[in-house]
2 protein chains.
Amino acid sequence: MSTIVQKFGGSSVANAERVFNVARRVTDTYKEGNSVVVVVSAQGDTTDDLIEKAKEINENPSKREMDMLLSTGEQISISLLAMAIEKLGFPVTSLTGWQLGMHTDASYGSARIKTVDTERLQKELDKKKIVIVAGFQGINKYDDITTLGRGGSDTTAVAIAAALKADLCQIYTDVDGVYTADPRKVEGAKKLDEISFDEMLELASQGAQVLHNRSVEMAKKYNVNLEVVSSFDRVPGTKVKEANKMEKMLVKGVAKDCDIARISLVAIPDTPGIAFQIFSTLASKKINVDIILQSIGRDGKKDISFTVPESELQTALEVIQPVADKLGAKEVLHREDIAKVSAVGAGMANNPGVAAKMFEALADAGINIHMISTSEIKISVLVNIKNADRAVQAIHDKFVG
Amino acid sequence: MSTIVQKFGGSSVANAERVFNVARRVTDTYKEGNSVVVVVSAQGDTTDDLIEKAKEINENPSKREMDMLLSTGEQISISLLAMAIEKLGFPVTSLTGWQLGMHTDASYGSARIKTVDTERLQKELDKKKIVIVAGFQGINKYDDITTLGRGGSDTTAVAIAAALKADLCQIYTDVDGVYTADPRKVEGAKKLDEISFDEMLELASQGAQVLHNRSVEMAKKYNVNLEVVSSFDRVPGTKVKEANKMEKMLVKGVAKDCDIARISLVAIPDTPGIAFQIFSTLASKKINVDIILQSIGRDGKKDISFTVPESELQTALEVIQPVADKLGAKEVLHREDIAKVSAVGAGMANNPGVAAKMFEALADAGINIHMISTSEIKISVLVNIKNADRAVQAIHDKFVG
């Protein structure tokens, strides 16, 4: 008998028919003799509808009350899925974040999981019940409801799998696995049977949108066996696991991220501590900075450019202007018509020719590169947004296709 | 400084405009220097919508999961009202039933309140916060969510007022007080400035639909000063309080209840324990029996008639048939085309002429009486449903008008 955690996203439970589809998946796993814990998100557009309801009343509500509101979405899902499983004739119980004991810090709207109680969970599993858990939500030390922010339900599932030392954590999505590139857009994109945590991390942060990075990071930390599976088709998915013993493909995937904007501080007098002042200011406002480039100094001045999520551009510009003034920068520039395209693969580290081959692919396609960033297992380039899809295809053709 | 509990029903918070209307009421009370606790129900049709969602999946879901589902309705309301109060610039926090510590028994769907914690509530009030509490819901000893059933939010408000020893518990409704009869239907109906708990109890159970009996019973038990006030108009309401020192009007109100059906067991051989067998069977199925009449025996046989809510008629008939067979009754009859009309007033007890005057009013209006039931402060008659409104008007004209 194995312990299996299964996570289903909002589109998987969007209506009664789909709820039953999930219920059958779950009970099939249960019938095989497994202990099953299911994590679900809010149905379809529920979260958006709730946000709209809030905005009608207060455009800037406190995050505490927002979490109080949004957490109802998952509570609705868990009860409906439990009712469907009851209807199929199986023993089941649903648990909210606070009932389970999903303890988080107090950062409403983007809380971090601190500890996961297993007492209640184990008690229900011992009674041979299927346990349905509300994803995305927790409780802080004040007994107040928190939500985990983007990718929260994936993270809930992995945290529970880690706490229970589960044998497998399956993330059901609307795709049937992790591909070398977005199969809807890139010709010749191939499904991977397996991928390492690190590669998945790079792919996820590059916008592959299959698994959120937080969940992969946690899975890596606690060595949770992850599997990305289709909610709709019963075909094998992609296993995400530790890198050892995996076949080393040179490039595992190509991804793009269009939710990105670039900010440049131009002609800053070159004094020590510039970077610290800029990035500590951004960090204090919790703005996620991705690629950072600092030009080589000239005439005692230098430029610093970095990328932020497009949704955080305005805030970033507001907080960075005073810093730029203080540092004596000539001006602050920004542009949003850019995209980041990345090639990811653990095999890259020991293959110095990879970057050159990637640039060659882009040059052949006549695509100009604005910025370059490299890591052990990833090469990213910034290109014009209109060239993003062509860039992905060109790189994919070169390495995978 | 007083402590005031204010309860607003679902129609009072049905949309953003009404939520702000409530928010202004609440903050006006707060600005006068009072500690304010607000209890709210689910918005408008939310509960019905959730029930429909459930029925789509499972026509007979477990009550535990139903409570898990339905309790989200109030949670949505409390967060939205808190956001509106934030928008008006006042300190506020919302609390669910479990956060507050509204402890109930484990009867999902119709739980009884056992104890109310005041620690968290008092802590928030001490911080000068307006506290918004989810009505209708609690938590049982298993840490599972329960709902209180009909009239639940009124009961929540009274329970909190009792626990806090609040100075006043205001129930905001869509009428502006308690009337001598339904003002939409009875000409000359008058608003009462005050009414005793016992009179209110009789009126409420007779279908006046202003305050649910459970809340009035609890208010009486803990001597909570109740006030029924309009959500929409700022006019004085009706105070519900202890009977001493109140002016004794002969008849305080006239009410009708059409949700009623009569069952008769005809020609039962007269042996001891008949009534016990019949009514213990009905009680075991939690069927509420109201008026009971037993005929004087004749030829060693007698008839027993009683009324039940119309919604419970089918169940009552099913459980009573085997009992009737066992007792040797000739047949079981039932009819639904009846209504109960009642005159209520603490002054009745010492005025033996009241019943006669009431029957005279009905006779003058040519209305036939099927059954009669009297108590210390109430006289009820069963009449044909088509005569119900005329009966109310005739009695009202005689005593009040």
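Look up: the structure comes first, before these words.
Residues numbered from 1 in each chain as written. Chains lettered and ligands numbered in written order. Predicted model: local features only at pLDDT ≥ 70, side-chain atom pairs only at ≥ 80, totals over all residues. Heavy atoms only, no water.

Asker: Mind laying out the side chain of Arg64 of chain A, listing which residues take part and the relevant values?
Answerer: Mapped onto the secondary structure, Arg64 of chain A falls in helix H3 (residues 63-87). Polar contacts involving the side chain of Arg64 of chain A include one to the main-chain carbonyl oxygen of Ser94 of chain B, which spans 2.8 Å. Those residues in contact with Arg64 of chain A that sit more than four places away from it in its chain are Tyr108 and Asp144 of chain A together with Thr93, Ser94, Leu95, Gln99 and Arg120 of chain B. (Helix = DSSP H or I, 4+ residues; strand = E, 2+ residues; numbered from the N terminus. Polar contact = N/O pair within 3.5 Å; in protein donor to acceptor, adjacent residues only side chain to side chain. Contact = heavy atoms within 4.5 Å.)

Asker: Explain a negative patch on the surface to me, and be specific about the residues and the numbers.
Answerer: A surface patch of negative charge is lined by Asp45, Asp48, Asp49, Glu52 and Glu56 of chain A. According to the relative accessible area criterion, Glu52 of chain A is exposed, its value standing at 54%. (Patch = residues over 30% accessible without salt bridge, like charges linked within 9 Å, V, L, I, M, F, W, Y side chains within 5 Å. Areas by Shrake-Rupley, 256 points an atom, 1.4 Å probe, with all protein chains shown as cover. Salt bridge = Lys/Arg side-chain N within 4 Å of Asp/Glu carboxyl O. Lys, Arg positive; Asp, Glu negative; His and termini not counted. Charge placed at Lys NZ, Arg CZ, Asp CG, Glu CD. Buried < 20%, exposed > 50% of the residue type's maximum accessible area, 1.4 Å probe, protein only.)

Asker: Mind laying out the relation of the copies chain B and chain A, listing which residues take part and the relevant values?
Answerer: Placing chain B over chain A gives an RMSD of 0.3 Å and needs a rotation angle of 179 degrees, together with 0.1 Å of translation along the axis. Such a combination of turn and shift is consistent with a two-fold rotation axis. Identified as the residue of chain B closest to the rotation axis by C-alpha distance is Thr72 of chain B, at 2.5 Å. Taken together, the interface assignments show that 100% of the residues at the interface of chain B recur at the interface of chain A, consistent with an identical surface on both copies. (Least-squares fit on C-alpha atoms with pLDDT ≥ 70 in both.)

Asker: Summarise the pairing of strand E20 (residues 378-384) of chain A; cite the residues concerned and give the values.
Answerer: All names here are of chain A. E20 sits mainly inside the fold: seven of its seven residues count as buried. Alignment of strand E18 (residues 338-344) against E20, held across seven bridges, turns out to be antiparallel. Considered in E20, the bridge of Val341 is made with Val381. Judged from the five bridges that link them, strand E19 (residues 371-375) and E20 form a sheet pairing that is antiparallel. Bridge pairing links Ser375 to Lys378 in E20. (Pairing = 2+ DSSP bridges.)

Asker: Explain the sheet that holds strand E13 (residues 253-257) of chain A residue by residue, including any values.
Answerer: All names here are of chain A. Pairing within the open sheet is antiparallel, and its four strands lie in the order E13-E18-E20-E19. Here the strands that pair on one side only, and so sit at the sheet edges, are E13 and E19. Shown here is a sheet whose adjacent strand axes are inclined to one another by a mean of 20 degrees, direction ignored. Strands E18, E19 and E20 of the sheet are contacted by helix H11 (residues 353-364), whose axis makes an angle of about 20 degrees with E20. Here helix H12 (residues 388-399) sits on the sheet in contact with E13, E18 and E20, set at roughly 170 degrees to E13. (Axes fitted to C-alpha atoms, helices over the stretch in contact; angles between N-to-C directions.)

Asker: Can you explain the sheet that holds strand E14 (residues 261-269) of chain A? Please cite residues and give values.
Answerer: All names here are of chain A. Pairing within the open sheet is antiparallel, and its four strands lie in the order E15-E16-E14-E17. In this open sheet, the two strands that pair with only one neighbour each are strand E15 (292-294) and strand E17 (331-335). Strand-to-strand twist across the sheet, computed as the mean angle between neighbouring axes with direction ignored, equals 15 degrees. Pairing of E14 with E17 involves five bridges; the strand directions are antiparallel. Counted as the bridge partner of Leu265 is Val332 from E17. This element, helix H9 (residues 274-284), spans E14, E15 and strand E16 (301-308) of the sheet and lies at about 25 degrees to E16.

Asker: Kindly report on the packing of aromatic side chains, identifying the contributing residues and their values.
Answerer: Counted by the stated rule, this structure contains seven aromatic pairs over all chains. Judged by centre distance (5.8 Å) and plane angle (85 degrees), the rings of Tyr30 of chain A and Phe90 of chain A are edge-to-face. You can see Tyr30 of chain A sitting in helix H1 (residues 16-31) and its partner Phe90 of chain A sitting in the loop between H3 and strand E3 (92-95), a full 60 residues away along the chain. Each of the two residues, Tyr30 of chain A as well as Phe90 of chain A, counts as buried. Measuring from centroid to centroid gives 4.0 Å for Trp98 of chain A and Trp98 of chain B, while their planes differ by 20 degrees, and the two rings are stacked. Of the two residues, Trp98 of chain A is situated in helix H4 (residues 97-100) and Trp98 of chain B in helix H4 (residues 97-100); the pairing between them involves two chains. Using a relative accessible area of 11% as the deciding quantity, one classes Trp98 of chain A as buried. (Phe/Tyr/Trp six-rings, centres within 6.5 Å; stacked < 30°, edge-to-face > 60°.)

Asker: Tell me about the packing of H1 of chain A against H3 of chain A, residues and numbers included.
Answerer: All names here are of chain A. The contact between H1 and H3 brings their axes to 9 Å, and the two run at 60 degrees. The two elements H1 and H3 cross, and the hand of that crossing is right-handed. Together, Val19, Phe20, Val22, Ala23, Val26 and Thr27 of H1 and Leu80, Leu81, Ala84, Ile85 and Lys87 of H3 make up the contact between the two elements. (Left-handed = near helix turned anticlockwise from the far one by under 90°.)

Asker: Can you explain the interface of chain B and chain A? Please cite residues and give values.
Answerer: Where interface size is given, it is often the accessible area lost as the parts come together that is meant. Every contact between the two is made by 42 residues of chain B and, on the other side, 42 residues of chain A. It is Ile57, Met83 and Trp98 of chain B in chain B that bury the most area against chain A; as a group they hold 21% of the surface buried on that side. In this assembly, chain B and chain A are joined by two salt bridges. With a closest N to O distance of 2.8 Å, Arg120 of chain A and Asp144 of chain B form a salt bridge. (Buried area = accessible area lost by both parts, 1.4 Å probe.)

Asker: Break down unusual backbone geometry for me, citing the residues and quoting the values.
Answerer: Residues and elements named next belong to chain A. Despite not being glycine, Lys165 has its phi angle at roughly 50 degrees, a positive value. Note that Lys165 resides in the loop between helix H6 (152-164) and strand E9 (168-173). Here Lys165 falls in the exposed class, since its relative accessible area comes to 71%. The backbone of Ala267 sits at a positive phi, close to 55 degrees, despite the residue not being glycine. Mapped onto the elements of the fold, Ala267 is located in strand E14. On the basis of relative accessibility, which here comes to 16%, the residue Ala267 falls in the buried class.

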